[in-house]
Amino acid sequence: MSVRAPGPIAGNGERILVVEDEPAFAELIALWLERHGWQPRIAPDGAHALRAVEEDPPDLIVLDLSLPRVDGWHVMERVRSHSLVPIIVVTARGSEADKVRGLATGADDYVTKPLSFPELVARVAAALRRARGGPVANGDAATIDLPGIRIDGQGHRVEVDGLAVHLTPTEYRLLRHLAARPGALVARGELLVAVWGSGYREDHHLLRVAIRNLRAKLAATAPGRRFIETEYGLGYRFAAGGEPGEADGAASDG
Ligand code: CA
């Protein structure tokens, strides 16, 4: 899987916090980011990371999940309790559970070790672009009011049957894009481009994980109803009101 940037990448000096405990590896990441026009700063562990975020908030965080003492999960939870700064987590290759949990905890994206530096650079650029565009990529601030679900485009709040559902910025964008056309099949590539950016069209795995997390959150509020239907191999369809039947959380994620 690779993510390509639409053109040459040239950062605007955005400040990037690299949280990584292996010094040589951290330096290498920093070097790649610097070459592309960003200002990296290294935090060698979770405690330093939390202090750095508080004292001088970065524009983006590259976060290794396995850190000594305060681990990456704890850092992410603490940062997410007060900030929507984009977070890209670095996970061990093949750790599906880490990817699912990472995106559910509030990561915007992930890269797997061993790291492809050009891929990291492309993902950083895409995450910064999304952050500039705000929580909704197309800037749509209208409220979507459907049977059983309400999506407030101003406050980025989601309610199912009047109960708040707490979504990450990425989950919010995903739900919003699906719910904008209830009943219509939305192709995987379209969702990936709309929610993550133009380099992500083929990243079906990322979409599958994010849909799984979104379904689990909706199902926790509305058990036994299914808001997102899978068209296997094609895409997803939003069912206003939630079709009765198998709960979203348990559903196949195609
Ligand atoms: Ca590590």
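Data block above holds the structure.
A brief report on the enclosed structure follows.

**Describing the overall build of the chain**
Point 1. Helices and strands together make up the secondary structure of the chain, namely 8 helices and 12 strands.
Point 2. Within the chain, the proportion of its 254 residues that are buried is 52%.
Point 3. Look at the contacts in the chain between residues 6 or more apart in sequence, and 60% of them connect residues 24 or more apart.
Point 4. In the form shown here, the chain has an accessible surface area of approximately 11,100 Å², with 52% of it arising from carbon and sulfur atoms.

**Things to note about the pattern of salt bridges**
Point 1. Scanning the model with the defined rule gives 16 salt bridges in all.
Point 2. Asp 145 is the salt-bridge partner of Arg 150, the closest N and O atoms lying 3.4 Å from each other.
Point 3. Taking relative accessible area as the criterion, Asp 145 reaches 54% and is therefore assigned exposed.
Point 4. Of the charged contacts, one joins Glu 231 and Arg 237 as a salt bridge, the two residues approaching to 2.9 Å between their closest N and O atoms.
Point 5. Residues participating in the shared-partner salt-bridge network are Glu 20, Glu 22, Asp 64 and Lys 113.

**Quick notes on the coordination of the calcium ion**
Point 1. Every protein donor of the calcium ion is accounted for by Asp 21 (OD), Asp 64 (OD) and Ser 66 (O), and the metal-donor separations fall at 2.1 to 2.4 Å.
Point 2. Going along the chain, you hit the donors of the calcium ion in the pattern D-x42-D-x1-S. Placement of Asp 21 in the loop between strand S1 (15-19) and helix H1 (23-35) and of Asp 64 in strand S3 (residues 60-64) is noted, with a sequence separation of 43 residues between them.
Point 3. Looking at Asp 21, the relative accessible area reads 28%, which means it is partly exposed.

**Observations concerning the pairing of S3**
Point 1. Burial analysis of S3 places 5 of its 5 residues in the buried class, which makes it a mostly covered element.
Point 2. The two faces of S3 match: Leu 60, Val 62 and Asp 64 on one face and Ile 61 and Leu 63 on the other face are all buried.
Point 3. Of the strand pairs in this sheet, S3 and strand S4 (residues 87-92) are connected by 4 bridges, and their pairing is parallel. Residue pairing in the sheet places Ile 61 in a bridge with Ile 87 of S4.
Point 4. With helix H3 (residues 72-80) bridging S3 and the parallel S4, this β-α-β connection has right-handed handedness.

**Digging into the sheet that holds strand S8 (residues 157-160)**
Point 1. Spatially, S6-S7-S8-S9 is the arrangement adopted by the 4 strands of the open sheet, whose pairing is antiparallel. Both outer strands of the open sheet, strand S6 (144-146) and strand S9 (163-165), are each paired with one neighbouring strand and no more. Strand-to-strand twist in this sheet, taken as the mean axis angle between neighbours without regard to direction, amounts to 20°.
Point 2. Inspection of the sheet shows S6 paired to strand S7 (residues 149-152) by 3 bridges, in the antiparallel sense. Across the sheet, residue Asp 145 finds its bridge partner in S7, namely Arg 150.

**Quick notes on the packing of helix H2 (residues 46-55) against H3**
Working note: a packed helix pair is described by the angle between its axes plus the distance between those axes.
Point 1. Where H2 contacts H3, the axes come no closer than 9 Å and their chain directions differ by 15°. Relative to H3, the element H2 is oriented roughly parallel. Crossing angle aside, the handedness with which H2 passes H3 is right-handed. Taken together, the residues of H3 that come into contact with H2 (itself represented by Gly 46, Ala 49, Leu 50 and Val 53) are His 74, Val 75, Arg 78 and Val 79.
Point 2. Looking at the contact of H2 with H3 residue by residue, the class counts come to 5 nonpolar, 2 polar and 1 charged.

**Brief notes about the environment of His 74**
Point 1. Looking at the secondary structure, you find His 74 in helix H3.
Point 2. Residue class for His 74 comes out partly exposed when judged on its relative accessible area of 36%.
Point 3. Considering only alpha carbons, one finds His 74 and Ala 47, 27 residues apart in sequence, at a separation of 9.8 Å.

**With respect to the packing of aromatic side chains**
Point 1. For the structure shown, the criterion picks out 3 aromatic pairs.
Point 2. Centroid distance Trp 32 to Phe 117: 5.5 Å. Interplanar angle 15°. Geometry classified as stacked. Separated by 85 residues along the polypeptide, Trp 32 in helix H1 and Phe 117 in helix H5 (residues 117-133) bring together distant segments of the chain.
Point 3. Its relative accessible area of 13% is what places Phe 117 among the buried residues.
Point 4. A ring pair is formed by Phe 227 and Phe 238, whose centres lie 6.0 Å apart and whose planes are at 25°; its orientation type is stacked. Here Phe 227 is found in strand S11 (residues 225-231), whereas its partner Phe 238 is found in strand S12 (residues 235-244), with 11 residues between them in sequence.
Point 5. Taking relative accessible area as the criterion, Phe 227 reaches 0% and is therefore assigned buried.
Point 6. Among the residues examined, Phe 238 registers a relative accessible area of 2% and is labelled buried.

So, how was this worked out
- Residues numbered from 1 in each chain as written.
- Predicted model: local features only at pLDDT ≥ 70, side-chain atom pairs only at ≥ 80, totals over all residues.
- Heavy atoms only, no water.
- Helix = DSSP H or I, 4+ residues; strand = E, 2+ residues; numbered from the N terminus.
- Buried < 20%, exposed > 50% of the residue type's maximum accessible area, 1.4 Å probe, protein only.
- Contact = heavy atoms within 4.5 Å.
- Areas by Shrake-Rupley, 256 points an atom, 1.4 Å probe, with all protein chains shown as cover.
- Salt bridge = Lys/Arg side-chain N within 4 Å of Asp/Glu carboxyl O.
- Donors = N, O, S within 2.8 Å, 3.2 Å for Na, K, Ca; no water.
- Pairing = 2+ DSSP bridges.
- Right-handed = clockwise from strand over helix to strand, strands pointing away.
- Axes fitted to C-alpha atoms, helices over the stretch in contact; angles between N-to-C directions.
- Parallel < 35°, antiparallel > 145°, perpendicular 65-115°, else oblique.
- Left-handed = near helix turned anticlockwise from the far one by under 90°.
- Nonpolar A, V, L, I, M, F, W, Y, C, P; charged D, E, K, R; others polar.
- Phe/Tyr/Trp six-rings, centres within 6.5 Å; stacked < 30°, edge-to-face > 60°.

In short, geometric facts, not functional conclusions.
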